[in-house]
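Residue-level structure breakdown
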Amino acid sequence: MKLSIVMPIYNEEATLREIVARVLATPHEKELILVDDCSRDRSPEIIAELSEAHPEVRAFCHETNMGKGAALRTGFEKVEGDVVVIQDADLEYDPAEYSKLLVPYEAGEADVVYGSRFLGGAYTRDVNFWRYHGNRTLTRVSNLFTGLRLTDMETCYKLMRADIARGLDIQSRTFTVEPEMTAKFA
């Protein structure tokens, strides 16, 4: 099974090399799709270097800033693997956790798997008070409309079958892509 890791990027020069190294160090067969959304820093140069140095890294750049939703849409159109994972470039999420996302998928229990920063244990994230409560409120509202029982709708980590990713008709340009994708998955 081949993972297609889609990484939307906007002004991530400080963390880009490190997150790509971490993704490439995972033990999975993979391709890494970097989508730069018209960064104003050195991200495009770094992306070009990384894609030239690593055959499993493919790079795509937007000529105008179109938002996270557009970057994901571009990435999803390019996937060649069996399973898609979304990975932010800011080092908040550890690619070593891909194996945890794969468990329910490989067991045949889910076609889409969400990570969660709020379930407790070793992977609980230290989130500030307002962000935590805002996220919990958005997740509860999303759950009311979708009938799901998510704990972290806004999480970056979403794993899905590649055909599901390619079939998403993402309209959102901003971070409203998270509830849009959730509603479409439901």
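The following refers to the structure shown. (Residues numbered from 1 in each chain as written. Predicted model: local features only at pLDDT ≥ 70, side-chain atom pairs only at ≥ 80, totals over all residues. Heavy atoms only, no water.)

Quick look at the overall build of the chain
- Regarding its fold elements, the chain presents 7 helices and 6 strands.
- For the chain, whose C-alpha radius of gyration is 16 Å, the value lies close to the compact-globule estimate of 16 Å for 186 residues.
- Expressed as lengths along the three principal axes of its C-alpha atoms, the size of the chain is roughly 45 × 35 × 35 Å.
- A burial count over the chain gives 48% of its 186 residues as buried.
- When the accessible surface of the chain is summed, it comes to about 9400 Å², and 51% of that surface belongs to carbon and sulfur atoms.
- Here the chain holds 22 positive side-chain charges and 31 negative ones, and the gap between their average locations is 4 Å. (Helix = DSSP H or I, 4+ residues; strand = E, 2+ residues; numbered from the N terminus. Rg over C-alpha atoms; globule rule 2.2 N^0.38 Å. Buried < 20%, exposed > 50% of the residue type's maximum accessible area, 1.4 Å probe, protein only. Areas by Shrake-Rupley, 256 points an atom, 1.4 Å probe, with all protein chains shown as cover. Lys, Arg positive; Asp, Glu negative; His and termini not counted. Charge placed at Lys NZ, Arg CZ, Asp CG, Glu CD.)

Some remarks on the side chain of threonine 15
- Relative to the elements of secondary structure, threonine 15 occurs in the loop between strand E1 (2-9) and helix H1 (16-24).
- One polar contact links the side chain of threonine 15 to the main-chain carbonyl oxygen of alanine 89, over a distance of 2.5 Å.
- If we skip the residues at most four places from it in the chain, threonine 15 touches Ala89, Asp90 and Leu91. (Polar contact = N/O pair within 3.5 Å; in protein donor to acceptor, adjacent residues only side chain to side chain. Contact = heavy atoms within 4.5 Å.)

Things to note about the pairing of strand E3 (residues 57-61)
- As defined by bridge partners, strand E2 (residues 29-36) adjoins E3 across 5 bridges and the pair is classed as parallel. Across the sheet, valine 35 pairs through a bridge with phenylalanine 60, a residue of E3.
- With helix H2 (residues 43-53) bridging E2 and the parallel E3, this β-α-β connection has right-handed handedness. (Pairing = 2+ DSSP bridges. Right-handed = clockwise from strand over helix to strand, strands pointing away.)

Remarks on the pairing of E2
- Of all 8 residues in E2, 7 are buried, a share of seventy percent or more.
- With 8 bridges connecting them, E1 and E2 associate as parallel partners. The residue of E2 that forms the bridge with proline 8 is valine 35.
- In the classification by handedness, the crossover that spans E1, the intervening H1 and the parallel E2 is right-handed.

Digging into the pattern of salt bridges
- All chains considered together, the criterion is met by 11 salt bridges.
- Between lysine 68 and glutamate 178 there is a salt bridge whose closest N-O contact spans 2.9 Å. Separated by 110 residues along the polypeptide, lysine 68 in helix H3 (residues 68-78) and glutamate 178 in helix H7 (residues 177-185) bring together distant segments of the chain.
- A relative accessible area of 11% means that lysine 68 is categorised as buried.
- Judged by its relative accessible area of 3%, glutamate 178 falls in the buried class.
- One salt-bridge network, held together by shared partners, links Lys68, Asp88, Lys158 and Glu178. (Salt bridge = Lys/Arg side-chain N within 4 Å of Asp/Glu carboxyl O.)

Some words on the sheet that holds strand E4 (residues 83-86)
- Taking strand neighbours across the sheet as the criterion, the 6 strands line up as E3-E2-E1-E4-E6-E5 in an open arrangement whose pairing is mixed. One side of each edge strand has no neighbouring strand; the edge strands of this open sheet are E3 and strand E5 (112-114). The sheet shows a mean angle of 20° between the axes of neighbouring strands, taken without regard to direction.
- Pairing between E1 and E4: 4 bridges, direction parallel. Along E4, the bridge assignment pairs serine 4 with valine 84. (Axes fitted to C-alpha atoms, helices over the stretch in contact; angles between N-to-C directions.)

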